[in-house]
Amino acid sequence: MTGSYLRTYFLAKYITSNAPALAKLVTPLQGFMIETNGYRKMGLRYDDLIAEENPIVQKAINRLPPKEYYDRNFRIRRAHQLSLMHQLLPKDEYLSAEEDVRYLTPYILEVEAEMKEREYFDNMTVVKK
């Protein structure tokens, strides 16, 4: 599980930069899927949907600045409350595409890279000559 998020992230970057025909096919589908999921209608960002049970994500969340950590918890609590009431936010409070930035992804990638490096050095064997 260590590199799964990292692989997915780089696959998406590869498709958008190196495969323009595939990107033209996937981009409209991406917009449709985001609209269908409706997480922006509840005030959530994409990174709010990442499961916290993963130890990598837990470490990344602990590295968030205090303001971003508070904002994340507020968005998640508000979404839970809206879900319990079977309601959505008013249309003027929907999250726009410009506001839906990946705030947690850089921290996740950083933690995954550190864990991969640690695993490499932990399994390294020293050979005496």
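Residues numbered from 1 in each chain as written. Predicted model: local features only at pLDDT ≥ 70, side-chain atom pairs only at ≥ 80, totals over all residues. Heavy atoms only, no water.

Visitor: Explain helix α2 (residues 20-37) to me, and be specific about the residues and the numbers.
Guide: Residues that lie three or four places apart on an α-helix share one face, since the helix turns once every 3.6 residues. In this model α2 runs 25 Å from its N-terminal to its C-terminal C-alpha over 18 residues, within 8% of the 26 Å that 1.5 Å per residue would give. At valine 26, α2 shows its maximal bend, which comes to roughly 25°, and the proline proline 28 appears one to four places after that position. (Helix = DSSP H or I, 4+ residues; strand = E, 2+ residues; numbered from the N terminus. Expected span 1.5 Å × (residues − 1). Bend = angle between axes of the 7 residues up to and from the residue.)

Visitor: Any chance you could break down the pattern of salt bridges for me, citing the residues and the numbers?
Guide: All chains considered together, the criterion is met by 10 salt bridges. Residue lysine 67 pairs with aspartate 71 through a salt bridge whose shortest N-O separation is 3.1 Å. One end of the pair is lysine 67 and the other is aspartate 71, both in helix α4 (residues 66-84) and four residues apart, which spans about a single turn. Lysine 67 gets classed as exposed once you look at its relative accessible area, which sits at 59%. One salt bridge connects arginine 75 with glutamate 68, and the closest N-O pair in it is separated by 3.6 Å. Owing to a relative accessible area of 8%, arginine 75 belongs among the buried residues under this scheme. Judged by relative accessible area, glutamate 68 falls into the buried class, the value being 17%. Each of Arg45, Asp48, Glu52, Glu68, Arg72 and Arg75 takes part in a single network of salt bridges with overlapping partners. (Salt bridge = Lys/Arg side-chain N within 4 Å of Asp/Glu carboxyl O. Buried < 20%, exposed > 50% of the residue type's maximum accessible area, 1.4 Å probe, protein only.)

Visitor: Just give me the short version of the confidence of the model for the chain, but keep the residues and values in it.
Guide: Within the chain, residue pLDDT values average 86, and 93% of them lie at 70 or more. Here helix α1 (residues 4-18) stands out as the least confident element of the chain, with mean pLDDT 71; α4 is the most confident, with 96. (pLDDT = per-residue confidence, 0-100.)

Visitor: I'd like a description of the packing of aromatic side chains, backed by residues and values.
Guide: For the coordinates displayed, the defined rule picks out two aromatic pairs. Summarising the aromatic geometry, the rings of tyrosine 120 and phenylalanine 121 are spaced 5.2 Å apart at their centres and angled 65° between planes, so their arrangement reads as edge-to-face. (Phe/Tyr/Trp six-rings, centres within 6.5 Å; stacked < 30°, edge-to-face > 60°.)

Visitor: Give a description of the packing of helix α3 (residues 55-62) against helix α5 (residues 105-122) that names residues and reports values.
Guide: Packed helices, taken two at a time, are described by the angle between their axes plus the distance between the axes. Where α3 contacts α5, the axes come no closer than 8 Å and their chain directions differ by 120°. Comparing the axis directions of α3 and α5 gives the class oblique. When the axes of α3 and α5 are compared, the crossing they make is right-handed. Contacts between α3 and α5 pair Ile56, Val57, Lys59 and Ala60 from the former with Tyr107, Ile108, Val111, Glu112, Met115 and Arg118 from the latter. Here the contact of α3 with α5 is composed, by residue class, of seven nonpolar, no polar and three charged. (Axes fitted to C-alpha atoms, helices over the stretch in contact; angles between N-to-C directions. Parallel < 35°, antiparallel > 145°, perpendicular 65-115°, else oblique. Left-handed = near helix turned anticlockwise from the far one by under 90°. Contact = heavy atoms within 4.5 Å. Nonpolar A, V, L, I, M, F, W, Y, C, P; charged D, E, K, R; others polar.)

Visitor: Please provide a residue-by-residue account of the environment of glutamate 117, values included.
Guide: As for its placement among the helices and strands, glutamate 117 is situated in helix α5. For the pair glutamate 117 and alanine 60, spaced 57 residues apart in sequence, the C-alpha to C-alpha distance is 16 Å.

Visitor: I'd love a proper account of the nonpolar core, names of residues and values included.
Guide: Formed by Ile50, Ile56, Val57, Ala60, Ile61, Leu64, Tyr103, Leu104, Ile108 and Val111, the largest nonpolar core amounts to 10 residues. The set of elements that each furnish at least two residues to this core consists of α3 and α5. No other element matches the four residues that α3 contributes to this core. Judged by nonpolar contacts, the second largest core, of eight residues, contains Ile34, Met42, Leu44 and Ile76. (Core = buried A, V, L, I, M, F, W, Y, C linked by side-chain atoms within 4.5 Å.)

Visitor: Can you explain unusual backbone geometry? Please cite residues and give values.
Guide: Positive phi values are uncommon outside glycine, yet histidine 86 reaches one of about 55°. Mapped onto the elements, histidine 86 comes out in the loop between α4 and α5.

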